[in-house]
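# Descriptive analysis of the structure
Now for the letters of each chain:
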Amino acid sequence: MPWHPRERAALTDALGAAGPGSPTCCDGWRTEHLAAHIVLRERDPLTAAGIVVPLLAERTERVTQQTGDAATAPQAWAELLDQVRQGPPRWSPLRLAGDDVQLLELFVHTEDVRRGRGPTTARVLPPAERTALWRRLKLLGRSLYQDSPVGVVLAAEDLPGQGTRVRRSPMPESPAHDVVVRGPVGELVLHAFGRSAVAQVEVVGHPDAVASMDALRPRQG
């Protein structure tokens, strides 16, 4: 069973509840810009290319801002939200994309909306969705933590016995060479994707190693 349709529904619900003009966890984006990002990613390949091609990034951000800014009136917002709900059109390659491409994207942005206005209760995810998120996180973890100054082990508290090293220490001879980031798998996803300020995780290790990780990914409070 694919889980990204559930996250799409959750994202649409979160956007609808927040309305346009609400803050998100994405710097510089209100809810209308985040919704525009989802729609452009799935319906405008040229603009979406800037998500992964640095030379096109400035244009992508400009179009995202313009599209969002034009969608704050009730009718325009409803139309943009409907496009988020519908997902990729039939001609889009993303129409056939499964959890491997869509799950983490939609999960993280759902939480960007939910937590943009301040602390909120973490959702209780079905066990199979947690497993699907964990599978993707293990595959992408090395790239997501490639800038870490210390080694990183992720430990999923809601998946008993599940832990994985995603970064080897660049200084293994140092006593402050590793941290363990511990929490529910959804919170680990948020930490890995740079949402450490809202991720409900515990970072454990030598104080100097923890400080190094927190300097890279600051935690709330």
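Computed from a predicted structure; not experimentally measured.

### Some thoughts on the sheet that holds strand 1 (residues 151–156)
If you trace the four strands from one edge of the open sheet to the other, you get 2-1-3-4, paired in mixed fashion. Each of the sheet's edge strands pairs with one partner strand only, and the pair in question is strand 2 (162–167) and strand 4 (202–205). For this sheet, the mean angle separating the axes of adjacent strands, direction not counted, is 25°. For strand 1 and strand 3 (residues 178–183), the ladder comprises six bridges, and the chain directions are parallel. Opposite Val152, over in strand 3, you have Val179 as the bridge partner. The strands touched by helix 7 (residues 127–144) within the sheet are strand 1 and strand 2, with strand 2 carrying the most contacts at an inclination of about 20°. Seen against the sheet, helix 9 (residues 207–216) touches strand 1, strand 3 and strand 4 and runs at an angle of roughly 145° to strand 4.

### Here we look at the confidence of the model for the chain
Counting all residues, the mean pLDDT for the chain is 93, and 99% of those residues have values of 70 or more. Helix 5 (residues 74–86) holds the highest mean pLDDT among the elements of the chain, 98, whereas helix 3 (residues 45–48) holds the lowest, 84.

### Regarding the packing of helix 2 (residues 31–43) against helix 5
For any two helices packed against each other, the geometry is given by the interaxial angle and the distance between the axes. Their axes nearest at 9 Å, the elements helix 2 and helix 5 cross at an angle of 50°. In terms of orientation, helix 2 lies oblique with respect to helix 5. For the pair helix 2 and helix 5, the crossing hand works out as left-handed. For the pair formed by helix 2 and helix 5, the contact residues are Thr31, Glu32, Ala35, Ala36, Ile38, Val39 and Arg43 on the first element and Trp77, Leu80, Gln83, Val84 and Gln86 on the second. Considered class by class, the residues forming the contact of helix 2 with helix 5 number seven nonpolar, three polar and two charged.

Definitions and cut-offs
By convention here, each chain's residues receive numbers from 1 onward along its written sequence. Per-residue local features are limited, in this predicted model, to residues with pLDDT of at least 70; the limit for side-chain atom pairs, both in listing and counting, is 80 or more; totals at the level of whole chains, interfaces and linings are taken over all residues. Water and hydrogen atoms were dropped before computing side-chain values, which therefore reflect all heavy atoms in the structure. Strands were regarded as paired on the criterion that DSSP finds at least two bridges between them. The secondary structure listing takes helices from DSSP runs of H or I that are at least 4 residues long and strands from runs of E that are at least 2 residues long, numbered from the N terminus. Axis geometry follows a simple rule: fit a line to the C-alpha atoms, using only the stretch in contact for helices, then measure angles between N-to-C directions, giving values from 0 to 180 degrees. Whether two residues touch is decided by their heavy atoms; if any such pair falls within 4.5 Å, the residues are in contact. The quantity called pLDDT is the predictor's confidence in a given residue, expressed from 0 to 100. Any angle that is under 35 degrees is reported as roughly parallel, and any over 145 degrees as roughly antiparallel; angles of 65 to 115 degrees are reported as roughly perpendicular and all others as oblique. Take the far helix as the reference: if the near one is turned anticlockwise from it by less than a right angle, the crossing is left-handed, and if turned clockwise, right-handed. Residues are grouped as follows: nonpolar covers Ala, Val, Leu, Ile, Met, Phe, Trp, Tyr, Cys and Pro; charged covers Asp, Glu, Lys and Arg; every other residue, Gly included, is treated as polar.

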